[in-house]
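Summary of the model geometry
Residue-level listing of the chains:
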Amino acid sequence: MALRDRLGPQDATQSGEHDLAAAYRERLLAEVNVDELARLSPTQRRVRLERMLSRMLSLDGPVLTVRERGSLVQRIVDDAVGLGVLEPLLADESVTEIMVNGHRDVFVERRGRIERVPTRFASNDALLRVIDRIVSAVNRRVDESSPMVDARLPTGERVNVIIPPLALDGPTLTIRRFPAPYRLEQLVEREMLDERSAHLLGACVRARLNVIVSGGTGSGKTTFLNALSGLIPAHERIVTIEDAAELQLQQSHVVRLESRPPNVEGRGQVTIRDLMRNALRMRPDRIVVGEVRGGEALDMLQAMNTGHDGSLATVHANSALDALRRLETLASMSDVELPASTLRDQINAAVDVIVQLERGIDGGRRVVEVAVVDDAGRRDYELTPIMRFDAEVVSRTREVRGRFRTLPLPGRLVERLGAHGEPVGIAEGDAA
């Protein structure tokens, strides 16, 4: 039986394209001067290889249309110096996440929805070459002894890799992209929140309230934190602390700190908590924590309570109340043993506002609640919602509709904002 008959027309075509690309890739690698290539910039390197390939195809290549030849050259060069078949997806601005489940299955997220794409790698070896190229660029390695790696592309995308034996169906690669930072008014235009809530949150940031952005995975926490940070006055010194650098602050006086995993010998690790402690010695006006996920929560709370007000952070939680309880759990993971009542006192005194985000069933990301933390001392947490999103799902299209409902503001919040010269635009009698 012919190969085309066994594979099907599309698979047979792809197999032929893979074979042709692999053959010319091997010829290219055999003829190129690697030392000379290493001295060129990435753009010059790509141009040099494209010229060499075009010459090879002109001399003895198969008969191809101009479009087919251009596509073949791009594919081979992408595989040689880039991320292979993923390069076109990385160039597509509508793609926010790329998920590779083995060499045959590639999915992307566009506008909050996941879809499968026809892109595929020639083999698991081809996928592993791309993975090695990514992790080696940040002095990491991935193999059976270290089968999980977090890394970051030079262009800022966050990368997670997990390979066999942990990944049973082949190497798995996840790339999360971060678009250009949005301003808060742009998020209003995208209906992530309403104009009044944006105005109020802007006043909270400028008045140096401590704000926690809470939500599930993929709910838009980093995007929203970026937008809030854009309201910090330009003259203030900002220190950002992240596991993998994702924030894109626009102010000029920003110090960016990123944690470091241990090397292959298990040494050299620098944790978020280490960075948090060091940041306190750097005379920050504001501390922005990309995500609180461990014992550093206690250090952050102590910083918020000792003069570093106006700090911003994100946390994984499903509601505003859950966010406070999760902070308590994370703070208890530190090496300092404190009673639960003491931790609760720290949180009540430190956190001023919780912004809860949610990703709807239609893929849309929205602020579903803004709540003010009432300083209740060591008692259980008390929250006063000041905005809620009343959602309605259209059963036929699964589209989420609704409205942002503004609630009365606590008098304490109005007084605090007023003391910082921040009018909140509320009518008389609106304050609770």
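Now for a description of the structure that goes with this document. (Residues numbered from 1 in each chain as written. Predicted model: local features only at pLDDT ≥ 70, side-chain atom pairs only at ≥ 80, totals over all residues. Heavy atoms only, no water.)

Things to note about helix α11 (residues 272–279)
Among all positions of α11, only Ile272, Arg273, Leu275, Met276 and Ala279 are buried. The buried residues of α11 occupy one face: seen down the axis, they fall within an arc of 160 degrees. In the core, the buried residues of α11 are packed alongside β8 (238–242), β9 (254–258), β10 (286–289) and α12 (296–304). (Buried < 20%, exposed > 50% of the residue type's maximum accessible area, 1.4 Å probe, protein only. Helix = DSSP H or I, 4+ residues; strand = E, 2+ residues; numbered from the N terminus. Arc of directions from axis to C-beta. Contact = heavy atoms within 4.5 Å.)

Details of the packing of helix α13 (residues 320–331) against helix α14 (residues 340–350)
The relative placement of two packed helices is expressed as an angle between their axes plus a distance between the axes. One way to put it is that α13 packs onto α14 with a least axis distance of 10 Å and a crossing angle of 125 degrees. With respect to α14, the element α13 is oriented oblique. Note on packing geometry: the crossing formed by α13 with α14 is right-handed. Only Ala340, Leu343, Arg344 and Ile347 of α14 make contact with α13, whose side of the interface consists of Leu324, Leu327, Glu328 and Ala331. Of the residues that constitute the contact of α13 with α14, the class distribution is six nonpolar, no polar and two charged. (Axes fitted to C-alpha atoms, helices over the stretch in contact; angles between N-to-C directions. Parallel < 35°, antiparallel > 145°, perpendicular 65-115°, else oblique. Left-handed = near helix turned anticlockwise from the far one by under 90°. Nonpolar A, V, L, I, M, F, W, Y, C, P; charged D, E, K, R; others polar.)

Quick look at the nonpolar core
Ranked by internal contacts, the top residues of the largest apolar core, which has 40 residues, are Phe224, Leu228, Val355 and Leu417. At six residues, helix α9 (residues 195–206) tops the list of elements feeding residues into this core. Excluding its chain neighbours within four sequence positions, the residues that come into contact with Leu417 are Leu200, Ala203, Cys204, Ala207, Leu209, Glu422 and Val424. In this structure, Ile287, Ala323, Ala350 and Val373 belong to the second largest nonpolar core, which totals 35 residues. (Core = buried A, V, L, I, M, F, W, Y, C linked by side-chain atoms within 4.5 Å.)

With respect to the pattern of salt bridges
By the definition in use, this model includes 26 salt bridges. Put simply, Arg401 and Glu399 hold a salt bridge, and the shortest N to O gap is 3.5 Å. Taking the relative accessible area as the measure of exposure, Arg401 reaches 47% and is therefore partly exposed. Glu399 gets classed as partly exposed once you look at its relative accessible area, which sits at 33%. Where salt bridges share partners, they join Arg208, Glu236, Arg286 and Asp309 into one cluster. (Salt bridge = Lys/Arg side-chain N within 4 Å of Asp/Glu carboxyl O.)

Quick word on the environment of Leu257
Within the element layout of this structure, Leu257 appears in strand β9. Sequence spacing of Leu257 and Ala245 is 12 residues, and the spatial spacing of their C-alpha atoms is 7.8 Å.

Digging into empty space enclosed by the protein
Summed over all chains, the structure comprises four cavities of 30 Å³ or more. Quantified by volume, the largest cavity comes out at close to 60 Å³. Contributing to the lining of the largest cavity are Phe178, Pro179, Ala180, Pro181, Tyr182, Thr222, Thr223, Asn226, Glu246 and Gln248. Among the residues forming the lining of the largest cavity, the class breakdown is five nonpolar, four polar and one charged. (1 Å grid on protein atoms, 1.4 Å probe; cavity = no way out; pocket = protein on both sides within 12 Å on 5 of 7 lines; lining within 4 Å. Points joined across faces, edges and corners; volume = space filled by probe spheres on them.)

Regarding the sheet that holds strand β2 (residues 105–110)
An order of β3-β2-β1-β6-β5-β4 is seen for the six strands of this open sheet, with the pairing classed as antiparallel. Here the strands that pair on one side only, and so sit at the sheet edges, are β3 (113–117) and β4 (148–152). Each strand of the sheet is rotated relative to its neighbour by a mean of 15 degrees, with strand direction disregarded. Looking at chain direction, β4 and strand β5 (residues 158–162) are connected through five bridges and run antiparallel. Looking at the pairing, Arg152 lines up with Arg158 of β5. (Pairing = 2+ DSSP bridges.)

Considering the side chain of Arg110
Its place among the elements puts Arg110 in strand β2. With relative accessibility at 15%, the residue Arg110 sits in the buried group. A polar atom in the side chain of Arg110 sits 3.0 Å from the side chain of Ser94. (Polar contact = N/O pair within 3.5 Å; in protein donor to acceptor, adjacent residues only side chain to side chain.)

Shape descriptors only; they carry no functional weight alone.
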